[in-house]
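# Structural overview for review
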Amino acid sequence: MAVTQRRPGHLLTPRTSYTDCPPDYKFMAELRRPSTPDRAGRSSFSSIRENESILPQTFTHSKISSYTGGEEAVDESTSPTESTAPALHMVQAQFQPPVTNPSSRLLGYWSPADSFRGWKQIQVRGKLASKSFGDLQALNQLWANVPAPKVIKDGLNRPGDAPLERLPVEILSSIISLLVLDVPPNGVLRRNVDLMSLLLTSRTVHFATLSTLYSRITIPHSRIFHKFLTHIAAHPTLGTIVRRLDFCHFNPSQLFSTAAERSKARNLTSETLLQCLELTPHLQEFLAQEYLDDDLNTAVLEKIFLGLPRLQAVDFCGCSSDTFKDSFSAIVTPDWPMQLSLRRLSLHKCFTLPSSIFETILPRLHQLTHLDVAGTRITDAALASIPATARITHLNLAKCKLLSARNLIDFLATHPAVQELEFLSLATDARSHQLFDVDEITALLSVLPSTLKSLSIKGSKMDASHIDQLRPLTKHLEELAVGRSLKLEDINRLFVPDDDDDIEMQMDWVPHTLKYLDLSDFWGSDLDLNYMFSTACAVLRPFSEPLEVVEVAEDVFRRVSKSSVALGRIGWRTSECGRRGWMVRQVNSNGNTTNNVASTTGSAPARDDGRRGWKIGADSWGMRKIPVAKAEVGGMYGSFMFGRQL
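Residues numbered from 1 in each chain as written. Predicted model: local features only at pLDDT ≥ 70, side-chain atom pairs only at ≥ 80, totals over all residues. Heavy atoms only, no water.

If you check an unreviewed UniProt entry, the protein appears there as F-box protein from Podospora appendiculata.

Structure, rendered in structure tokens:
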């Protein structure tokens, strides 16, 4: 008697085609065996056939749509040879009894008959549609339990899925920017080697590194400029990344001993500089200096001011050649647009430019925030022409001999653009020019804003009465440069209350915030060193903190340097750069000053690194030039900031 066998329910689930297999199985099946011709059969979403199913030896079929859910079972009680269906040649099976009990019909197993010719020889409707052992093995892997996903060990990440690569591009670029080295020690050796290695790491890191590498371009010599220009000319897309061209470290003498050799090399000329500006349309900061002034012709200057709509900062520090002056005068006309995009402008020590240039440019700077015109021919009319919409935070008018004290005081008191000043320099060289006398200083100190962090009135004539006006300013100032005609006893009153003040006033005394004090107008015997080193003077004592730097005149510095041992005993040392000299408070490894008492909590205060937002990248005190771009101070700009006198 034949027994109708039902297959497990999960094997009766209709499967429409081979593409319904899970991706892993499909991929594995394709790898293990090549496709056979007998797989190509008529496909139908409503059919289950031997030649179309992935299941071997399927003895059910249906021609009814799967939406009806009906199935037609084959009755095995009918012999295959007696079936009315088309011939289905099946292999005869034979029973193999157990060796230990040959007469048992319960134990044993069924096996193909001796006439069995292999799975591939089973024909269904005239086709060799049965599966080989490889198909059975793949089928077992399909229906087997899915193995648990492998745990990826630390350090083994899929491409593009490393923790570093999953960071936002802004954060990743900020991290990579810490590896940027603007200028190597001698300006000639290879630089940014680490960035070159990062370019080969992955696509994500390559993109972030490329943006960092090309956003701020520093040119230390003409060969680097030639290499950069050649690269962006071959790949113009890279030029659109550039936001800053920095020539402050440029020194032609590193490669060429004479100007003739430099001109013959033709690496950096007015033509190549103009080509570079054409290839960097999104430039925002252009930083030049005196070594470049002969290459700043009319075409280059016109491109800078009128051809770069996104330009925000320009620095022509020290440019004073006749070529620069004539080119500048030729392009500045009343036909200029009424508004320029510039926000930060430095013409520091461009003393050859005529006054008409300032009177034409300044009225068009509606968004001006930084203006450095130290040592120039700027006039009261040009200063007053600054638009009221400007919000100037940094203003350097040092050694501007065409300005008058009264008009300058009125400008600072009434002009809307200068009511939030943070840096103000009105310094002069008292040996050649004096801008403010005693009465004018009295009027000036009364109109200064409370937002000031740095004030220089060096070269002005002062007296002891001004100390009472300076005391409130020292509660928010961090840098102060005083004028002449004062005594060290007067300066001492900035740090301690007067002896004749009543107890209540002394108890309400508010400490100062000064970090830097400029006493360079105290020449020769004007600075009493005996009084300075005595206990009566508070300037070099622990309770004068947070004062860290005291600048003195050249002759005084030479005298102080001879007393370096005595200076070290009270916790100070000497430092110099170019023609400037300072006394600097010593700090130990714990962040405390050497003559400071440890705090009662036992924790050392964090050492002040000198960085401030209003200093725009500088970390030293007493800068005499306003930076217009946030960058590490060095090169020619560092010399003008900290190495030169007025």
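## Quick word on the overall build of the protein
Basically, it comes down to this: Under the scheme used here, helices are H or I runs from DSSP no shorter than 4 residues and strands are E runs no shorter than 2 residues, and both carry numbers assigned from the N terminus. Burial status follows relative accessibility: with a 1.4 Å probe on protein chains alone, a residue under 20% of its type maximum counts as buried, one over 50% as exposed, and anything between as partly exposed. What makes two residues a contact is simply this: any of their non-hydrogen atoms within 4.5 Å. Residue exposure ignores everything except the shown protein chains as possible cover, and the areas themselves are Shrake-Rupley values with a 1.4 Å probe.
Looking only at helices and strands, the protein has 22 helices and 18 strands in total. Buried residues in the protein amount to 44% of all 646 residues. For the protein, restricting intrachain contacts to residue pairs at least 6 apart in sequence, the fraction spanning at least 24 positions comes to 68%. Summing over all exposed atoms, the protein offers an accessible surface of approximately 33,900 Å²; the carbon and sulfur share of this is 54%.

## What to know about helix 20 (residues 554-561)
Note the following rule: In this description, the arc belongs to the directions extending from the helix axis to the C-beta atoms.
The complete set of buried residues in helix 20 reads V556, F557 and V560. The buried residues of helix 20 occupy an angular sector of 100° when the element is viewed end-on, so they sit on one face. The secondary structure elements touched by the buried residues of helix 20 are helix 19 (529-533), strand 16 (549-552), helix 21 (564-569), strand 17 (572-577) and strand 18 (580-585).

## Some details on the packing of helix 9 (residues 270-278) against helix 10 (residues 298-306)
Rules: To get an axis, fit a line to the C-alpha atoms, keeping to the stretch in contact for a helix; angles then go from 0 to 180 degrees between the N-to-C directions. To sort the angles, those under 35 degrees are grouped as roughly parallel, those over 145 as roughly antiparallel, those from 65 to 115 as roughly perpendicular, and the leftovers as oblique. The crossing is said to be left-handed when, going from far helix to near helix, the turn is anticlockwise and less than a right angle, and right-handed when the turn is clockwise. Note on residue classes: Ala, Val, Leu, Ile, Met, Phe, Trp, Tyr, Cys and Pro are nonpolar, Asp, Glu, Lys and Arg are charged, and everything else, Gly too, is polar.
Packing of helix 9 against helix 10 brings their axes to within 9 Å, and their N-to-C directions diverge by 20°. By the angle between their directions, the pair helix 9 and helix 10 is classed as roughly parallel. As for how helix 9 packs across helix 10, the hand of that crossing is left-handed. Two secondary-structure elements touch here, helix 9 through S270, L273, L274, L277 and E278 and helix 10 through A299, V300, K303 and I304. In terms of residue class, the contact of helix 9 with helix 10 is built from six nonpolar, one polar and two charged.

## Description of unusual backbone geometry
Apart from glycine, the bulk of residues carry a negative phi angle, and the bulk of peptide bonds sit in the trans form. For the peptide bond that leads from E545 to P546, omega is 15°, which places it in the cis range. Tracing the backbone shows P546 in the loop between helix 19 and strand 16. At K399, a residue that is not glycine, the phi angle is positive and equals roughly 55°. By secondary structure assignment, the location of K399 is in the loop between strand 11 (394-396) and helix 14 (405-414). A positive phi angle, near 70°, is found at S485, a position not held by glycine. Here S485 shows up in the loop between strand 14 (479-481) and helix 17 (488-492). Residue classification places S485 among the partly exposed residues on the basis of a relative accessible area of 45%.

## A word on the environment of T376
Position of T376 relative to the elements: it lies in the loop between strand 10 (370-372) and helix 13 (380-384). Judged by its relative accessible area of 4%, T376 is buried. Counting along the chain gives 23 residues from T376 to L353, while the straight-line C-alpha distance between them is 7.2 Å. Those residues within four positions of T376 in sequence are excluded, and the remaining contacts are L347, C350, F351, F358, K399 and C400.

## Side note on helix 11 (residues 322-331)
Within the span of helix 11, buried status applies to F324, S327, F328 and I331. In an axial view of helix 11, the angular spread of the buried residues amounts to 100°, which keeps them on one side of the axis. Tucked inside the fold, the buried residues of helix 11 contact helix 10, strand 8 (313-317) and helix 12 (355-361).

## Re the nonpolar core
Nonpolar side chains in soluble globular proteins tend to be buried together. Inclusion rule: Here, the term nonpolar core denotes a set of buried Ala, Val, Leu, Ile, Met, Phe, Trp, Tyr and Cys residues that are joined through side-chain atoms within 4.5 Å.
With 122 residues, the main nonpolar core has F286, F316, F328 and I491 as its most contacted residues. Sort the elements by how many residues they give to this core and helix 14 lands first, with five residues. Look past the residues within four positions of I491 in its chain and what remains in contact with it is V482, L486, L517, L519, F522 and V539. Formed by 12 residues, the second largest nonpolar core is a distinct cluster that contains V549, W614, A618 and M623.

## Regarding the pairing of strand 18
Side-chain positions along a regular strand alternate between the two faces of the sheet. In plain terms, the rule: A pair of strands is labelled paired if DSSP reports no fewer than 2 bridges between them.
Burial runs high along strand 18: six of the six residues are buried. Here strand 18 shows two buried faces, one formed by R580, W582 and V584 and the other by G581, M583 and R585. Where strand 16 meets strand 18, four bridges bridge the pair, whose relative direction is antiparallel. Note that in strand 18 the partner of V550 across the bridge is M583.

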